[in-house]
Amino acid sequence: MKITVITGSPRTGATEGMADAFQAAAEKMGNEVVRFNATKLKVAGCRNCNACGKVAGRTCVFDDDFTSVAKAILEADGIVLATPLYWYSWPWQIKATLDRFYSFLVGGFDLKGKKAALIASCGEPTVDAMDGLVFSFKKTTGLLGLEDVGHVLIPGLHGTEEYKATDACAQAAALAAKFQ
Ligand SMILES: Cc1cc2nc3c(=O)[nH]c(=O)nc-3n(C[C@H](O)[C@H](O)[C@H](O)COP(=O)(O)O)c2cc1C
């Protein structure tokens, strides 16, 4: 399987660590992983121009780093979004990329049957802090026809190293088994 992973943390901490663990396990199983860090991409938000699909070779008429992300997603069998929780939601960088998924829907680019998973962490001690993020992920994947195959949700993380003392990476690695 080809899997596109998009991470959303601006620092090297839990998100990158869990994405590393997922990627290593997925590659060991014979999958091919293409990875983007949304905080390093130049992706503007969606302008709601509704011209999706009107330029050949792109899902969105605007040509920025989303062009490569969209290509990787269309070629993939699975998508993983890995993110920290910011104000009970997505950090703006990965949200800007997610907003551009609108071009798949309106442009008629079929994502049906591709698998999707969420990896997330937050500072508060209980997973319910991530309910809004999970709701957004479930509804978005549902609308796009993606098959939601699982969530890894790790609460109680503040520093960049704390995740190493939890089973976060083991859970992220186990998620790879859902992409077969
Ligand atoms: C701007 C900002 C907003 C945050 N908002 C929340 C929040 O609403 N709830 C929460 O539990 N943690 C929140 N956090 C904490 C992060 O979600 C948490 O530390 C996460 O594990 C960081 O992941 P990373 O190490 O991959 O960057 C916030 C952190 C930042 C910097």
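Structure's up top.
Computed from a prediction, not measured in an experiment: that's the story for all the values here.

Draft legend 1. Focus on the site of the ligand. Contacts to the ligand come from 16 residues, most closely from Ser9, Thr15, Leu85, Ser121 and Leu157. In the environment of the ligand, an oxygen atom lies 2.6 Å from a nitrogen or oxygen atom belonging to the side chain of Thr15. In the environment of the ligand, an oxygen atom lies 2.7 Å from a nitrogen or oxygen atom belonging to the side chain of Ser121. Bound to the protein, the ligand loses 79% of the 650 Å² it would expose on its own.

Draft legend 2. Representation of the packing of aromatic side chains within the structure. Summed over all chains, the structure comprises 4 aromatic pairs. Here the aromatic rings of Phe22 and Phe179 are separated by 5.5 Å at their centres, their planes lie at 80°, and the arrangement is edge-to-face. Residue Phe22 is located in helix α1 (residues 14–28), and its partner Phe179 is located in the segment after α6 (168–175); the two are separated by 157 residues in the primary sequence. Their ring planes at 45° and their centres at 6.3 Å tell us that Phe66 and Phe101 sit as a pair that is tilted. Here Phe66 is found in helix α2 (residues 66–75), whereas its partner Phe101 is found in the loop between α3 (92–99) and α4 (102–107), with 35 residues between them in sequence. Residue classification places Phe66 among the buried positions, given a relative accessible area of 1%. In this structure Phe101 comes out as buried when scored by relative accessible area, which is 5%. Among the aromatic residues, those joined into a cluster by ring pairs are Phe66, Phe101 and Phe104. The ring centre of Phe62 lies 3.7 Å from the NZ or CZ of Arg47, which sits over that ring.

Draft legend 3. A look at α2. Those residues of α2 that sit buried are Phe66, Val69, Ala70, Ala72 and Ile73. Seen from one end, α2 has its buried residues packed into an arc of 165°, which puts them on one side. The secondary structure elements touched by the buried residues of α2 are β1 (2–7), β2 (32–37), β3 (78–84), α3 and α4.

Draft legend 4. Inspection of empty space enclosed by the protein at higher detail. Under the criterion given, the structure shown has 2 cavities of 30 Å³ or more. Along its surface, the largest cavity is lined by 13 residues, and Cys46, Cys49, Cys52, Cys60 and Ser103 are the ones closest to its centre. Looking at the lining of the largest cavity, its residues break down into 7 nonpolar, 4 polar and 2 charged. As a volume, the second largest cavity reaches approximately 60 Å³. Lining the second largest cavity are Ile79, Leu81, Trp90, Leu98, Phe101, Ala116, Phe137, Thr140, Thr141, Leu144 and Leu146. Of all the secondary structure elements, the ones that give two or more residues to the lining of the second largest cavity are β3 and α5 (131–144). In terms of residue count, α5 provides more of the lining of the second largest cavity than any other element does, 4 residues in total. Among the residues making up the lining of the second largest cavity, the classes are represented as 9 nonpolar, 2 polar and no charged.

Draft legend 5. A look at the pattern of salt bridges. According to the stated counting rule, one finds 9 salt bridges in the structure shown. Measuring nitrogen to oxygen at the nearest pair gives 2.7 Å for the salt bridge that ties Lys95 to Asp99. Remark: Asp99 and Lys95 occur in helix α3; sequence separation between them is 4 residues, near one turn of the helix. Take Asp99: its relative accessible area is 30%, and that puts it in the partly exposed class. Salt bridges here are not isolated pairs; linked through shared partners, they connect Glu16, Asp20 and Arg35.

Draft legend 6. Spotlight on the sheet that holds β1. The strand order across the open sheet built from 5 strands is β2-β1-β3-β4-β5, with neighbouring strands paired in parallel fashion. Only two strands of the sheet have a single neighbouring strand rather than two, namely β2 and β5 (147–154). Across the sheet, the mean angle separating the axes of adjacent strands is 15° when strand polarity is ignored. Here β1 pairs with β2 via 6 bridges, running parallel. Bridged to Thr4 within β2 is Val34. Helix-sheet contacts for α2 involve β1, β2 and β3, and the interaxial angle to β1 is about 145°.

Calculation criteria
- Residues numbered from 1 in each chain as written.
- Predicted model: local features only at pLDDT ≥ 70, side-chain atom pairs only at ≥ 80, totals over all residues.
- Heavy atoms only, no water.
- Near = heavy atom within 4 Å.
- Polar contact = N/O pair within 3.5 Å; in protein donor to acceptor, adjacent residues only side chain to side chain.
- Areas by Shrake-Rupley, 256 points an atom, 1.4 Å probe, with all protein chains shown as cover.
- Phe/Tyr/Trp six-rings, centres within 6.5 Å; stacked < 30°, edge-to-face > 60°.
- Helix = DSSP H or I, 4+ residues; strand = E, 2+ residues; numbered from the N terminus.
- Buried < 20%, exposed > 50% of the residue type's maximum accessible area, 1.4 Å probe, protein only.
- Lys NZ or Arg CZ within 6 Å of the ring centre and 35° of its normal.
- Arc of directions from axis to C-beta.
- Contact = heavy atoms within 4.5 Å.
- 1 Å grid on protein atoms, 1.4 Å probe; cavity = no way out; pocket = protein on both sides within 12 Å on 5 of 7 lines; lining within 4 Å.
- Points joined across faces, edges and corners; volume = space filled by probe spheres on them.
- Nonpolar A, V, L, I, M, F, W, Y, C, P; charged D, E, K, R; others polar.
- Salt bridge = Lys/Arg side-chain N within 4 Å of Asp/Glu carboxyl O.
- Pairing = 2+ DSSP bridges.
- Axes fitted to C-alpha atoms, helices over the stretch in contact; angles between N-to-C directions.

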